[in-house]
Amino acid sequence: MIIRDSRLVGAVLYGDTTDGAWYFDLLRRQEDIAPIREALIFGQAFAAGGGASANPLDAVAALPMDAEICGCNGVSKAKVLACISGGAHTLDAVRAGCKASASCGSCTGLVENLLALSMGADYQGERANAPMCKCTSFTHEDVRAAILEKS
Ligand code: FES
């Protein structure tokens, strides 16, 4: 995190990038982060809960409608929700409908959280054993295991 005058001016995320949209929104809005500075690095759910862990669906629900969910394709939360309410009830359908999660995939967790938020128990999630992308049949876990085996 890069903070200047109690404003977030930069952030680099590794691994779980779920909070990327929230950080980008704080950066874009130039919000005063002084009240949550100590919790900022732990993500939106932690910061919003006053330091307590919270449901990740609450975090995505709290994002403003104009928050950017997919940076690759410039898709806002409002556009993803419109896509879902228009009948896109799977990750692939959202990708085809509004292009969110259709490129690098780093926003896939956020898109899945929006699917779960919109559909409730009807959405079962898709990533656990899904291939990393359409170019391969390997899952993230397959690749992790291969890296460990060959290192
Ligand atoms: S950020 Fe959405 S596909 Fe890259």
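The numbering scheme is per chain: residues are counted from 1 as the chain's sequence reads. In view of the model being predicted, local features appear only for residues whose pLDDT reaches at least 70, and side-chain atom pairs are presented and counted only at 80 or more, with totals across whole chains, interfaces and linings using the full set of residues. Working from all heavy atoms in the structure, the side-chain values ignore hydrogens and water.

## Description of the environment of Thr-108
Structurally, Thr-108 can be placed in helix 7 (residues 108-119). Considered as a pair, Thr-108 and Glu-38 are 70 residues apart in the sequence and their alpha carbons are 27 Å apart. Only DSSP runs of H or I reaching four residues or more are called helices, and only runs of E reaching two or more are called strands; each is numbered from the N terminus.

## Focus on the layout of surface pockets
Method remark: on a 1 Å grid restricted to protein atoms, a set of points is classed as a cavity if a 1.4 Å probe fits but cannot get out and as a pocket if it is open with protein on both sides within 12 Å along at least five of seven lines; lining residues have an atom within 4 Å of a point. Grid points are joined across faces, edges and corners, and a volume is the space filled by probe spheres set on the points. As a volume, the second largest pocket reaches approximately 270 Å³. Forming the boundary of the second largest pocket are 16 residues, of which Gly-20, Ala-21, Ile-69, Gly-71 and Ser-106 lie nearest the centre. Counting residues per element, the ones that place at least two in the lining of the second largest pocket are helix 1 (20-29) and strand 3 (68-70). Here the bounds of each domain stem from an automatic or database domain assignment. When residues of the lining of the second largest pocket are assigned to domains, at least three map to each of domain 1 (1-63) and domain 2 (70-151).

## Some points on the packing of helix 5 (residues 77-85) against helix 7
For the pair helix 5 and helix 7, the least separation of the axes is 10 Å and the interaxial angle reads 55 degrees. When the axes of helix 5 and helix 7 are compared, the pair comes out oblique. Crossing of helix 5 over helix 7 shows right-handed handedness. Contacts between helix 5 and helix 7 involve Lys-77, Val-80, Leu-81 and Ile-84 from the first element and Leu-114, Leu-115, Ser-118 and Met-119 from the second. Per-class residue counts for the contact of helix 5 with helix 7 are six nonpolar, one polar and one charged. Comment: axis = line fitted to C-alpha atoms, over the contacting stretch for helices; angle = value between 0 and 180 degrees taken between N-to-C directions. Note on angle classes: values under 35 degrees are labelled roughly parallel, values over 145 roughly antiparallel, values of 65 to 115 roughly perpendicular, and the remainder oblique. Two helices that cross are described as forming a left-handed crossing if the nearer one is turned anticlockwise from the farther one by less than a right angle, and a right-handed crossing if clockwise. Contacts were defined at the residue level, with two residues in contact if any of their heavy atoms lie within 4.5 Å. For this scheme, ten residues count as nonpolar: Ala, Val, Leu, Ile, Met, Phe, Trp, Tyr, Cys and Pro. Four count as charged, namely Asp, Glu, Lys and Arg, and the remainder, Gly too, count as polar.

## Overview of the pattern of salt bridges
Salt bridges, as used here, are contacts in which a Lys or Arg side-chain nitrogen is within 4 Å of a carboxyl oxygen on Asp or Glu. Applying the stated criterion to the full structure yields six salt bridges. We note a salt bridge from Arg-28 to Asp-25, for which the minimum N-O separation is 2.9 Å. In this pair, Arg-28 and Asp-25 are both assigned in helix 1, three residues apart and thus about one turn of the helix distant. Across the salt bridge formed by Asp-25 and Arg-29, the nearest N and O atoms sit 2.8 Å from each other. Placement of both Asp-25 and Arg-29 in helix 1 is noted, with a separation of four residues, approximately one turn of the helix. Any residue under 20% of the maximum accessible area for its type is buried, any over 50% is exposed, and the rest in between are partly exposed; the area is computed with a 1.4 Å probe on protein chains only. Using a relative accessible area of 37% as the deciding quantity, one classes Arg-29 as partly exposed.

## Quick word on the domain arrangement of the chain
By a widespread convention, an interface's size corresponds to the accessible area lost as its parts come together. Here the chain is partitioned into domain 1 (1-63) and domain 2 (70-151). Domain 1 and domain 2 are separated by 21 Å when their C-alpha centres are compared. Here's the idea: put two parts together, see how much 1.4 Å probe accessible area each one loses, and the total over both is what we call buried area. Taken as a group, Thr-18, Leu-57 and Val-60 account for 61% of the area that domain 1 buries against domain 2, more than any other trio of residues on that side. Counting across the interface, domain 1 meets domain 2 through zero salt bridges. By the criterion applied in these results, polar contacts are pairs of N or O atoms within 3.5 Å in which, for protein atoms, one can donate a hydrogen and the other can accept it, and in which residues neighboring in sequence qualify only through two side-chain atoms. For the pair domain 1 and domain 2, the number of links is three residue pairs in polar contact (both at pLDDT 80 or more). Per-element tally for the side of domain 1 that touches domain 2: the top contributor is helix 4 (residues 56-62), with five residues. Tallied by class, the residues present in the side of domain 1 that touches domain 2 amount to seven nonpolar, two polar and no charged.

## As for the nonpolar core
Buried Ala, Val, Leu, Ile, Met, Phe, Trp, Tyr and Cys residues form a nonpolar core when they are joined through side-chain atoms within 4.5 Å. In terms of nonpolar packing, the biggest core is built from 32 residues, with Leu-63, Ile-69, Val-80, Val-94, Ala-100, Val-111 and Leu-115 touching the most fellow members. Mapped by element, the contributors of at least two residues to this core are helix 1, helix 2 (37-40), strand 3, helix 5, helix 6 (91-98) and helix 7. Counting residues per element, this core draws most heavily on helix 7, which supplies six residues. Both domains that meet at this core, namely domain 1 (1-63) and domain 2 (70-151), each give it at least three residues. In this structure, Leu-63 is in contact with Ala-21, Trp-22, Gln-44, Ile-69, Lys-77 and Leu-110, ignoring residues within four places of it in sequence.

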